[in-house]
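For reference, the chains in residue letters:
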Amino acid sequence: METLQGKGRRAALQMMLAAGAVGGLGALAPAASAGQACPGEGTPLQFQPKTAPDGEPLKDELSKYPKCPYCGMDRKQFHRTRQLVWYGDDRVDATCSVHCTALSLSVNMDLMPKALYAADAGAKDEVVPLVDADKAVYLVGSKLPPVMSRTSKYAYASREAAEAVKAEQGGEVTDFDGALKASYLDMAADTAMIRKKREERRAKAARGG
């Protein structure tokens, strides 16, 4: 049965999509030759995770899901902001950040997550563990380095840990839905920023720099 929290998240996603807050999603569709339809085009299937069902998504998750499917970033390199969405059909979207998780949830409206996980940025491990995103406390807008966004978003296993970082780095403490909302509100500016940076890298490569 869908929880009230899940219903609220679904309503928020639908509102953001209706408002056009998520831009540039056409780039996520599978590649096809000119004039040919993409597999599942015109249905939710064109966006659904391409991974096989996984009954144990947290087991060896970085080995199984090394790259973010939305931006291609190395999830081990960005292990302190990585996320994992375990959908109801056991398929997995393992992302590098809240930004890319927001993309996953918005294009997979018909797949309700059975669990959401976030990296515990406060852990001291060489690679920090994943914790229940709905129980985590998020610090949004601190001076910590942002990932795929102009606004940083980090998760912590406890409020005490989040508050301690806030005292040094600033930002606002919230929950997963608050961080998700911030991602959707930032999406237009973040998309423009990412496109600009990638165009600059392409131009530099073309110059042989």
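Read on for an overview of the structure. (Residues numbered from 1 in each chain as written. Predicted model: local features only at pLDDT ≥ 70, side-chain atom pairs only at ≥ 80, totals over all residues. Heavy atoms only, no water.)

## A closer look at the packing of aromatic side chains
Consideration 1: Under the criterion given, the structure shown has one aromatic pair.
Consideration 2: Its guanidinium or amino end placed over the ring of W86, K114 lies 4.5 Å from that ring's centre, counting from NZ or CZ. (Phe/Tyr/Trp six-rings, centres within 6.5 Å; stacked < 30°, edge-to-face > 60°. Lys NZ or Arg CZ within 6 Å of the ring centre and 35° of its normal.)

## Quick look at the sheet that holds strand β6 (residues 153-156)
Consideration 1: What the three strands build is an open sheet, ordered β6-β5-β7; its pairing is antiparallel. The sheet is open, and its two borders are formed by β6 and β7 (172-174), each paired with just one other strand. Geometrically, the sheet is characterised by an average inter-axis angle of 30° between neighbouring strands, direction not taken into account.
Consideration 2: Two elements, strand β5 (residues 137-140) and β6, share four bridges in a ladder whose sense is antiparallel. Bridge pairing in β6 places L139 opposite Y154. (Pairing = 2+ DSSP bridges. Helix = DSSP H or I, 4+ residues; strand = E, 2+ residues; numbered from the N terminus. Axes fitted to C-alpha atoms, helices over the stretch in contact; angles between N-to-C directions.)

## Focus: the packing of helix α3 (residues 98-107) against helix α5 (residues 176-206)
Consideration 1: Closest axis-to-axis distance for the α3/α5 pair is 8 Å, and the angle between their directions is 100°. Judged on the interaxial angle alone, α5 and α3 are roughly perpendicular. The residues of α5 that touch α3, namely those facing V98, H99, T101, A102, L103, L105 and S106, are F176, A179, L180, S183, Y184, M187, D190 and I194.
Consideration 2: Taken together, the residues of the contact of α3 with α5 break down into ten nonpolar, four polar and one charged. (Parallel < 35°, antiparallel > 145°, perpendicular 65-115°, else oblique. Contact = heavy atoms within 4.5 Å. Nonpolar A, V, L, I, M, F, W, Y, C, P; charged D, E, K, R; others polar.)

## Considering the nonpolar core
In globular proteins that are soluble, nonpolar side chains generally tend to be buried together.
Consideration 1: Ranked by size, the top nonpolar core spans 31 residues in total, and within it C71, C96, C100, L105, Y138, M148 and F176 carry the most contacts.
Consideration 2: If you list the elements that add at least two residues to this core, you get β1 (83-87), α3, β3 (113-119), β5 and α5.
Consideration 3: Residue contributions to this core peak at eight residues, all from α5.
Consideration 4: Counting eleven residues, the second largest nonpolar core, distinct from the first, contains Y65, W86, A119 and A123. (Core = buried A, V, L, I, M, F, W, Y, C linked by side-chain atoms within 4.5 Å. Buried < 20%, exposed > 50% of the residue type's maximum accessible area, 1.4 Å probe, protein only.)

## Re the environment of R75
Consideration 1: Position of R75 relative to the elements: it lies in the loop between α2 (61-64) and β1.
Consideration 2: Residue classification places R75 among the buried positions, given a relative accessible area of 0%.
Consideration 3: Separated by 19 residues in the primary sequence, R75 and A94 place their C-alpha atoms 8.3 Å from one another.
Consideration 4: If we skip the residues at most four places from it in the chain, R75 touches E61, L62, Y65, P66, K67, C68, R82, Q83, L84, A94, T95 and C96.
Consideration 5: Within the structure, R75 has its side chain in polar contact with the side chain of E61 (distance 2.9 Å).
Consideration 6: A distance of 2.9 Å separates a polar side-chain atom of R75 from the backbone oxygen of T95. (Polar contact = N/O pair within 3.5 Å; in protein donor to acceptor, adjacent residues only side chain to side chain.)

Treat this as a map of the structure, not an account of what it does.
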